[in-house]
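Structural overview for review
One letter stands for each residue in the lines below.
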Amino acid sequence: MRKEVIAVFDIGKSNKKILLFDSDYKVVFEEDKRFEEIKDDDDYSCDNIEVIENWMTETLSSILSADKYHVAAVNFATYGASLMYLDEAKKRLTHVYNYLKPMPKEVLAGFYDRYGGIAEFSRITASPAMDMLNSGLQILWLKKTKPEIYKHVKNVVHFPQYLSLLFTGEVASEYTSIGCHTAMWNFDKQTYHQWLKDEGITLPVPSPNSLLKNVKISNVDVPVGIGIHDSSASIVPYLMSSNEKFILISTGTWCIFMNPSNPEPLTQDQLVQDTLCYLSAEQKQVKSSRLFLGHIHEVNADLLADHFKVSKKAYKTIKTDMGILKQLKEKSKDSRVFFKEGVPENYIDMTVDLSIFATFEEAYHQLMIDLVDMSCKAIELVETKDNDTKALYISGGFTHNDLYVKLIASRFPDKKVYTSEISNATALGAALVVGKEAFKSKQPEIDLGLNLIKSDL
């Protein structure tokens, strides 16, 4: 008997995956690919979309033609801030342009002024001004810099919906991709912002993420979803399983702090500190801040390792030492030692006199104290005024850093702090949003891999 599964394509910037989840949401098959980037028509690096398309169609056809699985649904999760431009026949007109491309100043000349100024526009759209990272503004960029291409554009879709279209042939939209610092959505009115209409840009009416369309692939009937933005997908398991108001701390190179229970509008102070809002699959605001934590940690830990002539992996063996923490507290009087003047452009703090530390272990403890202080400031940016969250979930790479999790717990004695280890949380979220419809059964309990952190610091 064939095992019933949901197939999820999880398309990240580095890794491209397909995963099969059974009805208990356990991974029963996984394939991971990396594809070399190519150059776009401006000689800027971008994903090789043609190779990705071919891999996806061939891989799914192979799974469907085998006699091992019954595919109850297919869904997609991708990185955000990327659009696809389609002609009248719904064929792709361009590369997947890289959101790190520079935005020519003339493209946005006078734009913000027409809509109340940059501060008010950013507040209404919950999108700090980030040039091409505001994916909606990429449409203006294409319109003004490549008019010969733009005149053929009939539809604009976000990347997850483009991958869905490859199989369904249908143009679609959904809330999580729109509400991802796109500058497209008016959070006050919960509709597309007026500027799109003013520019003659028509976008599809958003559909729920649970939507499935039955299509025939390799002569097999398959329900296909419309996709979901990856950050919004990663929080789905927690939204479905947590009975408490929480903040999710998703750690890695970038550390994202997400509060799905904060309906308060963004303030100007929050916006200038890189705070924004996502939309969840339930169309609710998810207030989010971010910190380049993983990278800052890496380059400064390397600096300490070089100074004390230890392995660059030495920090991995360090456990929390109460004696060192007490000693450092007495020395610093709770003031930062690292990043006193903020984080420099190269992220490495060369202003610290490392001779004040006797050992690498001592210096690393101080580095982590200061990185946790920065993390706490980011958490405060997404907390509600009445501080009503009861739990902090820490996921990702820093769950294995004993100092980080215990210091976080010590700073929030009024909350329960957990580490949470979920493999492939993004793909799992993409499976869960279509799971009820696909499996026609009650959702099983999701194991969030929780471990309560107790801190006596």
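Above this note sits the structure.
Because the structure is predicted, anything quoted here is derived from the model rather than measured. (Residues numbered from 1 in each chain as written. Predicted model: local features only at pLDDT ≥ 70, side-chain atom pairs only at ≥ 80, totals over all residues. Heavy atoms only, no water.)

A short note on the packing of aromatic side chains
Applying the stated rule across the entire model yields 29 aromatic pairs. Ring geometry for F76 against F167: centres 5.9 Å apart, planes inclined by 20°, an arrangement best described as stacked. On the criterion of sequence distance, the pair formed by F76 in strand 6 (residues 69–78) and F167 in helix 5 (residues 159–168) is long-range, its members being 91 residues apart. The pair formed by F76 and F167 is uniform in burial state, with each residue classed as buried. Ring centres 5.1 Å apart and planes at 75° place the aromatic pair F292 and Y347 in the edge-to-face group. Note that F292 is positioned in the loop between strand 17 (285–291) and helix 10 (293–308) and Y347 in the loop between helix 11 (322–332) and helix 12 (360–382), a separation of 55 residues in sequence. (Phe/Tyr/Trp six-rings, centres within 6.5 Å; stacked < 30°, edge-to-face > 60°. Helix = DSSP H or I, 4+ residues; strand = E, 2+ residues; numbered from the N terminus. Buried < 20%, exposed > 50% of the residue type's maximum accessible area, 1.4 Å probe, protein only.)

Structural notes on the sheet that holds strand 18 (residues 391–396)
Read from one edge of the open sheet, 7 strands run 16-17-15-14-18-19-20, paired in mixed fashion. With one partner strand each, in any of the chains shown, strand 16 (276–279) and strand 20 (450–452) form the two edges of the open sheet. In this sheet, neighbouring strand axes are inclined to one another by 25° on average, regardless of whether the strands run parallel or antiparallel. Examined bridge by bridge, strand 16 and strand 17 share 4 bridges and lie antiparallel to one another. Paired with C277 across the two strands is K287, which belongs to strand 17. Along the sheet, helix 8 (residues 230–241) contacts strand 14 (246–251), strand 15 (255–259), strand 16, strand 17, strand 18 and strand 19 (416–420); its crossing angle with strand 14, the most-contacted strand, is approximately 135°. Most of the contacts of helix 13 (residues 402–411) go to strand 18, to which it runs at about 165°, and overall it touches strand 14, strand 15, strand 18 and strand 19. (Pairing = 2+ DSSP bridges. Axes fitted to C-alpha atoms, helices over the stretch in contact; angles between N-to-C directions. Contact = heavy atoms within 4.5 Å.)

Some points on the pairing of strand 12 (residues 220–225)
Of the pairings in the sheet, the one linking strand 11 (residues 212–217) to strand 12 comprises 6 bridges and is antiparallel in character. Each residue of the ladder has a partner; that of I217, found in strand 12, is V220.

Some details on the state of the cysteines
According to the stated counting rule, one finds 0 disulfides in the structure shown. With no disulfide of its own, C255 has C376 as its nearest cysteine by sulfur position, at a separation of 11 Å. (Disulfide = S-S within 2.5 Å.)

Points about the layout of surface pockets
The calculated volume of the largest pocket comes to roughly 1500 Å³. Around the largest pocket, the lining comprises 47 residues; the ones closest to its centre are D230, S231, S250, W254 and I256. Going through the elements one at a time, strand 1 (3–11), helix 8, strand 14, strand 15, strand 16, strand 17, strand 18 and helix 14 (425–439) are the ones with two or more residues in the lining of the largest pocket. In terms of residue class, the lining of the largest pocket is made up of 17 nonpolar, 23 polar and 7 charged. Computed from the structure, the second largest pocket encloses a volume of approximately 460 Å³. K329, D334, I369, L407 and R411 are the residues nearest the centre of the second largest pocket, which is lined by 18 residues in total. Those elements that place two or more of their residues in the lining of the second largest pocket are helix 11, helix 12 and helix 13. The greatest single-element share of the lining of the second largest pocket, amounting to 6 residues, is contributed by helix 11. In terms of residue class, the lining of the second largest pocket is built from 7 nonpolar, 4 polar and 7 charged. (1 Å grid on protein atoms, 1.4 Å probe; cavity = no way out; pocket = protein on both sides within 12 Å on 5 of 7 lines; lining within 4 Å. Points joined across faces, edges and corners; volume = space filled by probe spheres on them. Nonpolar A, V, L, I, M, F, W, Y, C, P; charged D, E, K, R; others polar.)

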